[in-house]
Amino acid sequence: LRGSRYPWRTPSLTLSRASRHFPRKNPSSSSPSTMPDQEPKVRVLVAKPGLDGHDRGAKVIAAAFRDAGFEVIYTGLRQTPEMIVNVAVQEDVSVVAMSILSGAHMTLFPRVKQLLNDAGAERVLVTGGGIIPEDDMRSLEAQGIGRLFGPGTPTTTAIEYVRKWLVQQGTS
């Protein structure tokens, strides 16, 4: 990356444009999402709202969802709630998963949920993770936010939660 502050980063690790699809490991012309007798893949939007610049966890969860068979859209860093909802509606996602390490979770999660409701996308699951105290997790859940995950949670736990939610909603 010419002129980059971080010359050791490769372009494949620098996914910073909104609505960029997270690449599959082994794309093929006969992928299940293009076969006519298969149902389309569930779409998950992984977003990194606010000014927090730590995106490793978001990239890890995006890759885990991709490897589990989901179609993943990664927004990149420093997204506003309005930008996240705009992409979610345009991409017709079933899940918005946000990574918040900045301490703004009590503002950002409800704002995204409200904007989704206002846009007629109340069926979208809003979930995520970060440094979030247990009391705040309970408060956000009471406001209609899905399960939230803390540091060290296995990616399989989040994937299982989303799959169970999709089955409960009848969308998988």
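### Here we look at the overall build of the chain
Now for step 1: When its secondary structure is counted, the chain shows five helices and six strands.
Now for step 2: As presented, the chain carries roughly 9,800 Å² of accessible surface, and 52% of it is formed by carbon and sulfur atoms.

### Brief notes about the side chain of D55
Now for step 1: Its location among the elements puts D55 in the loop between β2 (43–47) and α1 (56–67).
Now for step 2: Sequence-distant contacts of D55, that is, excluding residues within four places in its chain, are made with K48, Y74 and L77.

### Some words on the pattern of salt bridges
Now for step 1: This model, assessed by the stated rule, comprises eight salt bridges.
Now for step 2: Note that E71 and R43 form a salt bridge whose closest N and O atoms lie 2.7 Å from each other. Of this pair, E71 sits in strand β3 (residues 71–74) while R43 sits in strand β2, and the two are 28 residues apart along the sequence.
Now for step 3: The closest approach of N and O atoms between D52 and K48, which form a salt bridge, is 2.7 Å.
Now for step 4: A residue is classified by how much of its surface remains accessible, and D52, at 8% relative accessible area, is buried.
Now for step 5: Given a relative accessible area of 0%, K48 falls into the buried group.

### Remarks on unusual backbone geometry
Now for step 1: Positive phi, normally seen in glycine, also occurs at R78, with a value near 60 degrees.
Now for step 2: Along the chain, R78 turns up in the loop between β3 and α2 (81–91).
Now for step 3: Phi is positive for D92, which is not a glycine, with a value near 55 degrees.

### Description of the nonpolar core
Now for step 1: Residues L45, V96, M98, F109, V112 and L116 are the most contacted members of the largest nonpolar core, which totals 24 residues.
Now for step 2: Sort the elements by how many residues they give to this core and helix α3 (residues 105–118) lands first, with five residues.
Now for step 3: Those residues within four positions of V112 in sequence are excluded, and the remaining contacts are P81, I84, V85, V96, M98 and V126.

### Some words on the confidence of the model for the chain
Low pLDDT marks stretches whose predicted atomic positions should not be read closely.
Now for step 1: Counting all residues, the mean pLDDT for the chain is 84, and 77% of those residues have values of 70 or more.
Now for step 2: Counting interchain partners and residues more than four positions distant, the pLDDT-below-50 stretch residues 1–19 has 25 contacts.
Now for step 3: A low-confidence stretch, residues 26–35 (pLDDT under 50), is modelled with four contacts involving residues beyond four sequence positions or located in other chains.

### Looking at helix α5 (residues 155–169)
Now for step 1: The terminal C-alpha atoms of α5 lie 21 Å apart, and with 15 residues this matches the ideal 21 Å at 1.5 Å per residue to within 8%.
Now for step 2: Those residues of α5 lying buried are A158, I159, Y161, V162, W165 and L166. Considered in projection along α5, the buried side chains sweep an arc of 160 degrees and stay on one side of the axis. In this structure, α5 carries K164, V167 and Q168 as exposed residues pointing more than 90 degrees from its buried face.
Now for step 3: On its buried face, α5 sits against α1, β4 (95–100), β5 (125–130) and β6 (148–149).
Now for step 4: G170, located one to two residues past α5, shows a positive phi value of around 75 degrees.

Calculation criteria
Residues numbered from 1 in each chain as written. Predicted model: local features only at pLDDT ≥ 70, side-chain atom pairs only at ≥ 80, totals over all residues. Heavy atoms only, no water. Helix = DSSP H or I, 4+ residues; strand = E, 2+ residues; numbered from the N terminus. Areas by Shrake-Rupley, 256 points an atom, 1.4 Å probe, with all protein chains shown as cover. Contact = heavy atoms within 4.5 Å. Salt bridge = Lys/Arg side-chain N within 4 Å of Asp/Glu carboxyl O. Buried < 20%, exposed > 50% of the residue type's maximum accessible area, 1.4 Å probe, protein only. Core = buried A, V, L, I, M, F, W, Y, C linked by side-chain atoms within 4.5 Å. pLDDT = per-residue confidence, 0-100. Expected span 1.5 Å × (residues − 1). Arc of directions from axis to C-beta.

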